[in-house]
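Now for the letters of each chain:
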Amino acid sequence: MKRRKTTRGARPILSGTKTRAGRKVDQTLALLASIGVPIAGMTPLRKDRIALALLSIANMKPDTDWASAAVHDDGSGWKLTSKEIIKFQNTFWNQSISSGSYDDIRRVDLEPLLLAGIAIPSAGNPNAADNNPTRGYAVHPSAGKVFRAHGTPQEATSASAFLVEMGSLLERMERRRPPKIEVTMPDGKLIALTSGTHNALQKAVIEQFIPRFAPVSKVLYVGDASNKYLHVEAGRMQELGLNPAAHDMLPDVVVEDERNGWLLLIEAVHSSNPISQLRHLALEKLTSGCVLPKVFISVFASRAELRRWICEISWETEVWLTDAPDHLIHFNGDRYLGPHSPP
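Residues numbered from 1 in each chain as written. Predicted model: local features only at pLDDT ≥ 70, side-chain atom pairs only at ≥ 80, totals over all residues. Heavy atoms only, no water.

## Digging into the sheet that holds strand 10 (residues 317–321)
Right, so step 1: Pairing is mixed in the open sheet, where seven strands are placed in the order 6-5-7-8-9-10-11. With one partner strand each, in any of the chains shown, strand 6 (227–232) and strand 11 (328–331) form the two edges of the open sheet. Averaged over all neighbouring strand pairs, the angle between strand axes comes to 20 degrees, with direction disregarded.
Right, so step 2: Pairing of strand 5 (residues 217–224) with strand 7 (residues 253–257) involves five bridges; the strand directions are antiparallel. Across the sheet, the residue bridging to Ser217 is Asp257, located in strand 7.
Right, so step 3: Relative to the sheet, helix 9 (residues 197–213) contacts strand 5, strand 7, strand 8 (262–268), strand 9 (294–300), strand 10 and strand 11, its axis offset from that of strand 5 by approximately 175 degrees. (Pairing = 2+ DSSP bridges. Helix = DSSP H or I, 4+ residues; strand = E, 2+ residues; numbered from the N terminus. Axes fitted to C-alpha atoms, helices over the stretch in contact; angles between N-to-C directions. Contact = heavy atoms within 4.5 Å.)

Here's what the structure looks like:
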């Protein structure tokens, strides 16, 4: 079959062809579109360049299975400089790219992948300057999960998880406002959190955990990624000996359990920051001036999510799972739910 040609470096267009390489490029473009990269409307050459850039940093050849895609920090150590990307494409993808086009690789081909969070710049050397020719590019682990799941039942779930974590480049380019999560506070007040898995956990804490385990309470603090002072009862916090200005150190949700006279310090754990031993000590120090006994609670979506962090959970803390809202997991101590005296 006669291939279409381009004038720049006589690079044959692969997308839309029935060759093995063409099918692989088309699969790549479909995957990129599924995680928010604006593919529609691009020229065939532009599509090829972006797809081949990704396939190169993933160590993917036309006959490589998607499950074998190389991902940063997977132990393979695979990363390519812009010059190595040219060599890879010329060798394995039948391209004829000039060795002097490495700047185009960096500025044009890799740019949407970097902006979308799919590619990691300076893999293994995060302090390298933008124009450092030794910078190696690799696939971000979250994007790698999407590519490795291609053709499996987990593909859609992996793509959704990536979009929750990284967001959609298409939506950012179109300046779309992210949707909000509306949360009803115990006193009936409505607040709006930025959409995302982490804030969905905070919504569950306020609307499900508090009514079950602290029905007579006041929410003193709720943070949001875009607004750390989204909800702050500054006056009451100061009365209790808490510093409302220390929002960078406060947990995600702070609740005064008025029935028991406790202070609940709650972390919603999606990608980081359970109440580990160090976090436990830091929160005890932060709240040392508070007159109320403290209860420390880590919140996860499921047992599967807890499993990722189980070794870090500190003793004498609680764990709550949103998919089993009527139960608590108690880590040691002499009480089921309550404060403990520090050692």
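## Things to note about unusual backbone geometry
Right, so step 1: Phi angles above zero are rare outside glycine, and Asn94 is one such case at about 55 degrees.
Right, so step 2: Here Asn94 is to be found in the loop between helix 3 (82–92) and helix 4 (102–109).

## Re the layout of surface pockets
Right, so step 1: By volume, the second largest pocket amounts to about 430 Å³.
Right, so step 2: When residues in the lining of the second largest pocket are grouped by element, the largest group, seven residues, is from helix 7 (residues 155–166).
Right, so step 3: Within the lining of the second largest pocket, the residues separate by chemical class into four nonpolar, eight polar and four charged. (1 Å grid on protein atoms, 1.4 Å probe; cavity = no way out; pocket = protein on both sides within 12 Å on 5 of 7 lines; lining within 4 Å. Points joined across faces, edges and corners; volume = space filled by probe spheres on them. Nonpolar A, V, L, I, M, F, W, Y, C, P; charged D, E, K, R; others polar.)

## A word on the environment of Pro211
Right, so step 1: Mapped onto the fold, Pro211 is located in helix 9.
Right, so step 2: For Pro211, a relative accessible area of 46% gives the class partly exposed.
Right, so step 3: As for Pro211 and Thr194, which are separated by 17 residues in sequence, their C-alpha atoms are 23 Å apart. (Buried < 20%, exposed > 50% of the residue type's maximum accessible area, 1.4 Å probe, protein only.)

## Description of the confidence of the model for the chain
Right, so step 1: Mean pLDDT over the chain stands at 88; residues scoring 70 or higher make up 91%.
Right, so step 2: Confidence drops under pLDDT 50 across residues 1–10; counting only partners more than four residues distant or on other chains, this segment forms 21 contacts. (pLDDT = per-residue confidence, 0-100.)

## With respect to helix 6 (residues 141–148)
Right, so step 1: Those residues of helix 6 not exposed but buried are Ser142, Ala143, Gly144, Val146 and Phe147.
Right, so step 2: The elements touched by buried residues of helix 6 are helix 1 (20–34), helix 2 (44–57), strand 2 (138–139) and helix 7.

## Remarks on the pairing of strand 10
Right, so step 1: Among the five residues in strand 10, five count as buried, and that is most of the element.
Right, so step 2: Side chains Thr317, Val319 and Leu321 project from strand 10 onto one buried face, and the interleaved Glu318 and Trp320 project onto a second face that is buried too.
Right, so step 3: Sheet topology places strand 9 next to strand 10; four bridges connect them, and they run parallel. Bridge pairing links Phe300 to Leu321 in strand 10.

## Let's talk about the packing of aromatic side chains
Right, so step 1: Applying the stated criterion across every chain yields a total of six aromatic pairs.
Right, so step 2: Taking 6.2 Å as the distance between ring centres and 45 degrees as the angle between the ring planes, the aromatic pair formed by Trp66 and Phe147 counts as tilted. With Trp66 in the loop between helix 2 and helix 3 and Phe147 in helix 6, this pair connects stretches of sequence that are 81 residues apart.
Right, so step 3: Relative accessible area serves as the criterion here: at 1%, Phe147 is assigned to the buried category.
Right, so step 4: Considering the side-chain rings of Trp315 and Phe331, the 6.0 Å spacing of their centres and the 50 degrees angle between planes classify their relative orientation as tilted. Placement of the pair is Trp315 in the loop between helix 12 (303–309) and strand 10 and Phe331 in strand 11, with a sequence separation of 16 residues.
Right, so step 5: In this structure Trp315 comes out as exposed when scored by relative accessible area, which is 54%.
Right, so step 6: Judged by its relative accessible area of 11%, Phe331 is buried.
Right, so step 7: A connected cluster of aromatic rings, assembled from ring pairs, spans Trp78, Phe88 and Phe92.
Right, so step 8: Positioned above the aromatic ring of Phe92 is the side chain of Lys61, whose terminal nitrogen or guanidinium carbon lies 4.7 Å from the ring centre.
Right, so step 9: The ring of Tyr102 is capped by Lys83, whose NZ or CZ atom sits 4.9 Å from the centre of that ring. (Phe/Tyr/Trp six-rings, centres within 6.5 Å; stacked < 30°, edge-to-face > 60°. Lys NZ or Arg CZ within 6 Å of the ring centre and 35° of its normal.)

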